[in-house]
Amino acid sequence: MADIDIDALAREARADLEAATTVADLDAAKIRHLGKNGPIVLLLRDIKDLPPEQRGPVGKGGNVARKELEALAASRHEALASAELDRRLIEDAIDVSLPPRAMPQGTLHLLTQTRRLLEDIFLGMGYDVIDAPEVENEWYGFTALNTPVGHPARNPTDTFYIAGHDQGAGANDDALILRTQTSTAQLRAMQLTKPPLYVVHPGRVYRRDDIDATHSDMFHQMEALAIDEGLTLANLKGTIESFLHRLFGDDLQVRLRTHFFPFTEPSVEADVQCFSCGGTGDPSADDRASGDFDRCRVCRGEGWIEIMGAGMVDPNVLGAVDGYDADTVSGFAFGIGIDRVAMLRHGFPDLRMLFQNDLRFVRQFAGRP
Ligand code: PHE
C-alpha cells in the first residue's frame, strides 16, 4: 500500500467543510468526509488490512483528524444555522404596525378663552380676579344692592328662587336664589377686603328668560369693581376706555349714556364704536357682495355697539359693609356679558351655539380667543 497521507485527506475535508455556505452544503460535506464512506472513516474501518507497522500511526492520525473534523463540522453547523435563522427572522417578518392616527386634542371652549382674555386685560391693569357663589341669598342678590322689595327683578317670574321666597312679596333676606347678575360679588369682595379694592369677577348668572338667539336662562358676565379714595366718573370712563380699546381696537370711541341701575348712582351704559364698520354703519365689502346686507352686520347700521352697564357705586351699597364709608371712599363698577363679547368678536348669530357643544362649532375656535 502506498503512503497514506492523512494530512492531505484532512486538509481537503477541512476546506470542504469551511467552504459550505449553507447548512445543506455542510451536511453534504459531512457525509462526504465523515459519513461511512468518508476516506478517513474507511481507513480507520479497514485498518486491520494495513501492514502492521502502519496500523499505529494511521489509527492515531486518523482518529485525531476525525475528531478535529467533527469539531469543525459542529462549530460550522452552529454558525450557519444561526445565520440562517437570523436571515429568516428578517425575511419572514410581517409588519403588523398600523398607520399612525393623531390623538384627538382638546381645546379650551370659546367661552373659557374669552373669559381668560378679559381677565388678562384686568390683571394687566392691576385688578385681582375673585370668585363668588352662584347661589346667593336675597340680601346679597338684591337688598344690599339697593334693590327694593317690589322691584320686578325680585319677582319669581324673573328670578329662579331655590328656597324661602316670601309669597307675600315681602323681603326674606335668607331666601336662596340663583343670582341674576355678577354684581352680587360686589358685596362679597367688600366684605373680604378693606379698600382700596380693585377686583373683577367672571361667572354664571341665571334669569327666567325665554331662550332665543340672544337670550338664555344661563349666561356669563364679568363684574369689575374699584373702590378707593377719590374715584370719580372720569376714572370710570378712563378704565372702560382702556379696557374696550384692548378688547376691540385702540382707535374706537367710547360713549356713556345715562341709564339706571339700583346699585349705582349715576348709572350709565357704555357704547363702543363698531369695530367692524368703524362707526359708519356700512356693510363690509364681503357682506355687501353677498347681497344679503345693506348695513353693517355687527352694529346693524348703528355705528355703535351697546356693550356694558356701569356706574358709581351707590353710597347705600358702600354703607351695607363695615369698613366702607361713603364719606372717605368712592367707587365704580361695571358689568359685561362674556357670551356677548364672544358673539361680537366672532360674528356668530346665535347665543345657543355656545352651549350646544356641537364639535363643528367648538373646533373652530381652537386657540383663538
Ligand atoms: N349688573 C348689571 C346688569 O346685569 C350691570 C352693571 C354692573 C351695572 C355694574 C352697573 C354696575 O345689567
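As the structure is a prediction and not an experimental result, all values here were calculated from the model.

The rules we used
Residues numbered from 1 in each chain as written. Predicted model: local features only at pLDDT ≥ 70, side-chain atom pairs only at ≥ 80, totals over all residues. Heavy atoms only, no water. Helix = DSSP H or I, 4+ residues; strand = E, 2+ residues; numbered from the N terminus. Rg over C-alpha atoms; globule rule 2.2 N^0.38 Å. Buried < 20%, exposed > 50% of the residue type's maximum accessible area, 1.4 Å probe, protein only. Contact = heavy atoms within 4.5 Å. Areas by Shrake-Rupley, 256 points an atom, 1.4 Å probe, with all protein chains shown as cover. Lys, Arg positive; Asp, Glu negative; His and termini not counted. Charge placed at Lys NZ, Arg CZ, Asp CG, Glu CD. Salt bridge = Lys/Arg side-chain N within 4 Å of Asp/Glu carboxyl O. Phe/Tyr/Trp six-rings, centres within 6.5 Å; stacked < 30°, edge-to-face > 60°. Lys NZ or Arg CZ within 6 Å of the ring centre and 35° of its normal. Axes fitted to C-alpha atoms, helices over the stretch in contact; angles between N-to-C directions. Parallel < 35°, antiparallel > 145°, perpendicular 65-115°, else oblique. Nonpolar A, V, L, I, M, F, W, Y, C, P; charged D, E, K, R; others polar. Pairing = 2+ DSSP bridges. 1 Å grid on protein atoms, 1.4 Å probe; cavity = no way out; pocket = protein on both sides within 12 Å on 5 of 7 lines; lining within 4 Å. Points joined across faces, edges and corners; volume = space filled by probe spheres on them. Domains from an automatic or database assignment.

This next bit is on the overall build of the protein chain. A count of helices and strands for the protein chain gives 13 helices and 10 strands. Its C-alpha atoms give the protein chain a radius of gyration of 46 Å, clearly above 21 Å, the size a compact globule of 369 residues would have. With the principal axes as the frame, the protein chain shows a C-alpha extent of 140 × 55 × 40 Å. Within the protein chain, the fraction of its 369 residues that count as buried is 39%. By sequence separation, contacts in the protein chain at least 24 residues apart represent 67% of the contacts at least 6 residues apart. Just so you have it, the protein chain exposes about 20600 Å², and 51% of that area is on carbon and sulfur atoms. Counting 38 positive and 57 negative side-chain charges, the protein chain places the averaged centre of each group 10 Å from the other.

With that settled, the discussion passes to the pattern of salt bridges. This model, assessed by the stated rule, comprises 16 salt bridges. Glu-241 serves as the salt-bridge partner of Lys-237, at 3.5 Å between the closest nitrogen and oxygen. Taken together, the positions of Lys-237 and Glu-241, both in helix H8 (residues 233–248) and 4 residues apart, correspond to about one turn of that helix. Under the relative-accessibility criterion, Lys-237 is labelled partly exposed at 31%.

Within this structure, the stated rule accounts for 12 aromatic pairs. Geometrically, the ring pair formed by Phe-122 and Phe-334 is tilted, given 5.8 Å between the ring centres and 40 degrees between the ring planes. Separated by 212 residues along the polypeptide, Phe-122 in helix H5 (residues 110–124) and Phe-334 in strand E10 (residues 330–337) bring together distant segments of the chain. The buried category is assigned to Phe-122, whose relative accessible area is 1%. According to the relative accessible area criterion, Phe-334 is buried, its value standing at 2%. An aromatic cluster of at least three residues, connected via ring pairs, comprises Phe-122, Tyr-127, Tyr-198, Phe-243, Phe-332 and Phe-334. Above the plane of the ring of Tyr-140 lies Arg-188, whose end atom (NZ or CZ) is 3.7 Å from the centre.

Moving on: the packing of helix H2 (residues 23–34) against helix H4 (residues 52–91). Here H2 crosses H4 at 170 degrees, and the two axes come no closer than 9 Å. The orientation of H2 relative to H4 falls into the category roughly antiparallel. Contacts between H2 and H4 involve Val-23, Leu-26, Asp-27, Lys-30 and Leu-34 on the former and, on the latter, Arg-66, Leu-69, Glu-70, Ala-73, Arg-76, His-77, Leu-80, Ala-81 and Glu-84. Tallied by class, the residues present in the contact of H2 with H4 amount to 7 nonpolar, 1 polar and 6 charged.

We now examine the sheet that holds strand E9 (residues 304–313). The sheet built from 7 strands is open, its strands ordered E1-E5-E6-E10-E9-E8-E7 with mixed pairing. With partners counted over all chains shown, the strands left at the sheet margins are strand E1 (128–129) and strand E7 (254–261), one partner each. Summarising the sheet, strand E6 (residues 218–228) and E10 pair through 8 bridges and their orientation is antiparallel. Each residue of the ladder has a partner; that of Ile-227, found in E10, is Gly-331. Each of E1, strand E5 (197–206), E6 and E10 touches H5; the most contacted strand, E6, lies at about 5 degrees to it.

Quick look at the layout of surface pockets now. Taken as a whole, the second largest pocket spans an internal volume of roughly 230 Å³. Lining the second largest pocket are Leu-111, Thr-112, Arg-115, Glu-134, Pro-202, Gly-203, Arg-204, Met-218, His-220, Ile-338 and Phe-355. Breaking the lining of the second largest pocket down by element, the ones donating at least two residues are H5, E5 and E6. Residues of the lining of the second largest pocket, tallied by class, amount to 5 nonpolar, 3 polar and 3 charged.

Further remarks concern the domain arrangement of the protein chain. Its domain assignment divides the protein chain into domain 1 (6–91) and domain 2 (110–134 + 179–365). Centre-to-centre, using C-alpha coordinates, domain 1 lies 97 Å away from domain 2.

Our focus in this paragraph is the pairing of E7. Where E7 meets strand E8 (residues 264–273), 7 bridges bridge the pair, whose relative direction is antiparallel. Looking across to E8, one finds that Val-254 is bridged to Val-272. The antiparallel pairing of E7 with E8 creates a hairpin that spans 2 residues between the two strands.

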